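# Structural overview
Listed below are the residues making up each chain.
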Amino acid sequence: MKVLVAVKRVVDYNVKVRVRADETGIDLSGVKMSLNPFDEIAVEEAVRLKEKGLASEIIVVSIGDASCQESLRTALALGADRAIHVETSLETQPLGVAKTLKALVEKESPRLIILGKQAIDDDFNQTGQMLAGLLRWPQGTFISHLIRNGEEIEVTREVDGGLETLKMPLPAVVTTDLRLNEPRYATLPNIMKAKQKSLEVISAETLGVDLTPRLKTLKVVEPPPRKGGLMVANVDELLDKLQHEAKVI
Amino acid sequence: MPLLLIAEHDQSNLTASTLATLTAAKAFSAPVHVVVMGSSPEKAAEEAAFFKSVEKVWMIKDPRLAHPLAEDMTETLLDLAKGYDFILAPSTTFGKNLLPRLAALLDVALISDVIQIQDKNTFVRPIYAGNALATVTSNDPIKVITIRPTAFEKAQKGNSSAPFEACPFKESSSPLPIFVRMETSSSERPELTSASIVVSGGRGFQSKENFALLEALADKLGAAIGASRAAVDAGFVPNDYQVGQTGKAVAPTLYIAVGISGAIQHLAGMKDSKIIVAINKDPEAPIFQIADYGLVGDLFKILPELTAKIKKTA
Ligand SMILES: Cc1cc2nc3c(=O)[nH]c(=O)nc-3n(C[C@H](O)[C@H](O)[C@H](O)COP(=O)(O)OP(=O)(O)OC[C@H]3O[C@@H](n4cnc5c(N)ncnc54)[C@H](O)[C@@H]3O)c2cc1C
Ligand SMILES: Nc1ncnc2c1ncn2[C@@H]1O[C@H](COP(=O)(O)O)[C@@H](O)[C@H]1O
């Protein structure tokens, strides 16, 4: 079973981003970039399937400018077998990414596609569901557990009311939640080995996919600041403030 | 053209998130049609018909909708959707699962997690864990949108009653998931995203047993319980208690964060609360920077005292 994993390069989760003064976006100069945390979990899950003999090959895909190759190398160091970089200078959005992945699915015929549930930059939480829709495959979103039984998978989804378990036939699309696994670190020997693995570059045009963004960002601003920081000395003072100043209890 | 609102319900009542979405729908100044799908959608459909802004209710009834799947719902909604300019659903795990699939098959973008509607083509949504707010627009012929429920008041019921119309269920012809089970984290407490008081606990609690201290406080205040990711990962509480960028967004009148450091991913889900209280033994904890009232100290001493001194309100 071939497994396809989609990975996005995003601002590292530890960075507190700053909005550009001209309100056109986020200031990305000199900011640390990383593999989207949910995509790290997606790669890890694929690697675990392969280690159990339940996956034959792991292909990682990233869509964007040349810098995504860095994320692909990270994914290769974590255990993916080969990488595809779909090159575009356009800003990627979920519908375009889903269409690109669909075109690759037609070329590569994976039985399972793993995506993150959400890219932590735009916080869209859409691409996996869109891809599943376009392929008309079953979808298992926000999963914290995955088992493969032959031509079927069983997934546990983290939903608002608790945990939902579904069974579905392969091929299928799943998206990862935080508690699916704890990703390993890439070891130095594996980082070296990753340099030898195949990284194919395809232009978005050759795939015949239109990546033109559908959403246009008019402006990006900082949220209104909260003025916090008032300290109280003890429980009595806290209760007094809550009752008489804030009047919330 | 009218607006289609996809209702989330529990087979008897509309969820609070759906009521917030009904309020958001008003901003489009378009007739609102609500679609209620379920194995027994009658009661929720009747409820939907009572809201003043609602002009029509589509009811789709089928036993296979007892545990609705995005795959089936999408096929059923595709034809209906083509008659609308705007399609809305709450940005809950229900809406997040369904609407991207529907939008993709309509070949349009999804504008997810909208917190403000500036005009019927211009929307504000948080990005980067709420550290920035993006104003976006789209030229797609149908605008498919999910609404962050905490950003809108719950709609008030009127006394009018809109007409009903049945709409057929259309089973997906492609392979489908099979529902196996739902493990509900049942609780007598108010629902987390619509509660007016939320008390949240983090890694500082050290164990699942110690969370009893927070439960006692919640009971005294009639509050819902939330948690940080660290507390959920450690197994102190179920997954659906997680508040934050990748959990639930809450905006109660009072949010009390106990033993939570205040990572940006946590703040993303609670910093729109009206009053924030932080209790933490580390005076440098970032949570204090956004808290209206901060109290430095050991939660194991403070919580019992606080709970004892509060007069029972609920
Ligand atoms: C992709 C991604 C998504 C994430 N999404 C979320 C999310 O949605 N929600 C979320 O919450 N987190 C999320 N996180 C995790 C987040 O980054 C933090 O790791 C997490 O919020 C920390 O939880 P915490 O504050 O409970 O733990 P810690 O940061 O360990 O803080 C524990 C606090 O308890 C205090 N404490 C300890 N003992 C006591 C005591 N006896 N009395 C009083 N105080 C005490 C300590 O001083 C400390 O401040 C995400 C992370 C990533 C990478
Ligand atoms: N440009 C991209 N290249 C590859 N994968 C992507 C890209 N954008 C999004 N994805 C995948 O889609 C998931 C969800 O992203 P989003 O819908 O943007 O929140 C991510 O976790 C990735 O797995």
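As shown above, the structure is provided for reference.
Quick look at the structure, then. The numbering scheme is per chain: residues are counted from 1 as the chain's sequence reads. As a convention, the first chain written is A and the first ligand written is 1, with the rest following in written order. Given that the model is predicted, a residue must reach a pLDDT of at least 70 before its local features are reported, and side-chain atom pairs must reach 80 or more before they are shown or counted; all residues, however, enter totals for whole chains, interfaces and linings. Values reported for side chains reflect all heavy atoms of the structure, with hydrogen atoms and water molecules removed beforehand.

### Notes on the site of ligand 1
Residue and element names in this part refer to chain B.
- In the neighbourhood of ligand 1, 29 residues make up the surrounding shell, with R203, S228, V243, S261 and N280 lying closest.
- At 2.6 Å from an oxygen atom of ligand 1 is found a side-chain nitrogen or oxygen belonging to S228.
- Any pair of nitrogen or oxygen atoms within 3.5 Å is treated as a polar contact; in protein, a donor-acceptor pairing is required on top of that, and neighbouring residues in sequence qualify only through side-chain atoms on both sides. In this structure, G247 approaches ligand 1 through a main-chain N or O atom, which is 3.4 Å from an oxygen atom.
- For the accessible areas, the method is Shrake-Rupley and the probe is 1.4 Å, while residue cover comes only from the protein chains on display. Against a free-state accessible area of 990 Å², the protein chains account for coverage of 87% of ligand 1. Proximity criterion: a residue is near a molecule or strand once any of its heavy atoms comes within 4 Å of it.

### Focus on the side chain of S207 of chain B
Residues and elements named next belong to chain B.
- To qualify as a helix, a DSSP run of H or I must reach at least 4 residues; to qualify as a strand, a run of E must reach at least 2; elements of each kind are numbered from the N terminus. Within the element layout of this structure, S207 appears in the loop between β12 (197–201) and α5 (212–221).
- Each residue's exposure class comes from its accessible area (1.4 Å probe, protein chains only) as a fraction of the maximum for that residue type: buried when under 20%, exposed when over 50%, partly exposed otherwise. Since its relative accessible area comes to 18%, S207 is described here as buried.
- A distance of 3.1 Å separates the side chain of S207 from the backbone nitrogen of N210, its partner in a polar contact.

### Looking at the interface of chain B and chain A
- Taken together, the contact between chain B and chain A spans 86 residues of the former and 78 residues of the latter.
- By definition, the buried area sums, over both parts, the 1.4 Å-probe accessible area that each loses when the two are put together. The contact between chain B and chain A buries some 7000 Å² in all, and 57% of this surface belongs to carbon and sulfur atoms.
- Counted as salt bridges are all cases of a side-chain nitrogen of Lys or Arg within 4 Å of a carboxyl oxygen of Asp or Glu. At the junction of chain B and chain A, the tally comes to seven salt bridges.
- Inspection of the chain B/chain A interface yields 49 residue pairs in polar contact (both at pLDDT 80 or more).
- For the side of chain B that touches chain A, the element with the highest residue contribution is helix α4 (residues 93–105) of chain B, accounting for eight residues.
- Where strand β9 (residues 162–169) of chain A and strand β11 (residues 178–184) of chain B come together, six bridges link them in antiparallel fashion. Bridge assignment links L166 of chain A to a residue of β11 of chain B, and that residue is F179 of chain B. We call two residues in contact when some of their heavy atoms are within 4.5 Å. Any two strands with at least two DSSP bridges between them are considered paired.

### Some points on empty space enclosed by the protein
- Using only the protein atoms, space was sampled on a 1 Å grid; points where a 1.4 Å probe fits but cannot get out form cavities, open sets with protein on both sides within 12 Å along at least five of seven lines form pockets, and lining residues are those with an atom within 4 Å of a point. Grid points are joined across faces, edges and corners, and a volume is the space filled by probe spheres set on the points. According to the stated counting rule, one finds three cavities of 30 Å³ or more in the structure shown.
- Within this model, the largest cavity holds a volume of roughly 330 Å³.
- Along the walls of the largest cavity sit 24 residues, with K8, D39, V97, A119 and T127 of chain A positioned nearest its centre.
- Taken together, the elements giving at least two residues each to the lining of the largest cavity come down to β4 (57–64), α3 (94–108), β6 (112–116) and α4 (127–135) of chain A.
- By volume, the second largest cavity amounts to about 90 Å³.
- In the lining of the second largest cavity, the residues fall into eight nonpolar, three polar and one charged.
- Per the annotation, domain bounds derive from an automatic or database assignment of domains. A domain split of the lining of the second largest cavity shows at least three residues from each of domain 1 (3–166) and domain 2 (192–309) of chain B. Three classes are used: nonpolar for Ala, Val, Leu, Ile, Met, Phe, Trp, Tyr, Cys and Pro, charged for Asp, Glu, Lys and Arg, and polar for all others, with Gly counted as polar.

### Points about the site of ligand 2
Residues and elements named next belong to chain A.
- Not every one of the 18 residues close to ligand 2 is listed here, only the nearest: A6, D39, A119, N125 and T127.
- With respect to ligand 2, the backbone of V7 contributes an N or O atom lying 3.4 Å from a nitrogen atom.
- D39 places a polar side-chain atom, nitrogen or oxygen, 2.4 Å from an oxygen atom of ligand 2.
- Considering ligand 2 on its own, with 480 Å² of exposed area, one finds that the protein chains cover 98% of that surface.
- To qualify as sitting in a cavity or pocket, a molecule needs more than half of its atoms within 2 Å of the grid points. Put simply, ligand 2 lies in the largest cavity.
- With three residues, β4 is the largest single contributor of residues to the shell around ligand 2.
- Class assignment of the residues belonging to the shell around ligand 2 gives a composition of eight nonpolar, eight polar and two charged.

### Quick notes on the pattern of salt bridges
- For the coordinates displayed, the defined rule picks out 37 salt bridges over all chains.
- Of the charged contacts, one joins R48 of chain A and E44 of chain A as a salt bridge, the two residues approaching to 2.6 Å between their closest N and O atoms. Within this pair, R48 of chain A and its partner E44 of chain A are both found in helix α1 (residues 37–51), separated by four residues, close to a single helical turn.
- Classification of R48 of chain A as partly exposed rests on a relative accessible area of 30%.
- As a salt-bridge pair, K309 of chain B and E305 of chain B come within 2.7 Å of each other at their nearest N and O atoms. Placement of both K309 of chain B and E305 of chain B in helix α9 (residues 299–309) is noted, with a separation of four residues, approximately one turn of the helix.
- For K309 of chain B, a relative accessible area of 36% puts it in the partly exposed group.
- On the basis of relative accessibility, which here comes to 32%, the residue E305 of chain B falls in the partly exposed class.
- If you follow the salt bridges from partner to partner, you end up with K2, E57, R82 and E108 of chain A in one network.

### Here we look at the sheet that holds strand β5 (residues 82–87) of chain A
- On the basis of which strands lie adjacent, the open sheet formed by 10 strands has the order β11(A)-β5(A)-β4(A)-β1(A)-β6(A)-β10(A)-β7(A)-β8(A)-β9(A)-β11(B) and mixed pairing. One side of each edge strand has no neighbouring strand; the edge strands of this open sheet are β11 (199–203) of chain A together with β11 of chain B. Strand-to-strand twist in this sheet, taken as the mean axis angle between neighbours without regard to direction, amounts to 25°.
- Of the strand pairs in this sheet, β5 of chain A and β11 of chain A are connected by five bridges, and their pairing is parallel. The partner of A83 of chain A across the bridge, within β11 of chain A, is L199 of chain A.
- The sheet strands contacting helix α2 (residues 68–78) of chain A are β4, β5 and β11 of chain A, and the helix crosses β4 of chain A at an angle near 165°.
- Only the stretch in contact is used when fitting a helix axis, every axis being a line fitted to C-alpha atoms; angles between N-to-C directions are given from 0 to 180 degrees. Along the sheet face, α3 of chain A touches β1 (2–6), β4, β5, β6 and β11 of chain A and points at about 145° away from the line of β4 of chain A.

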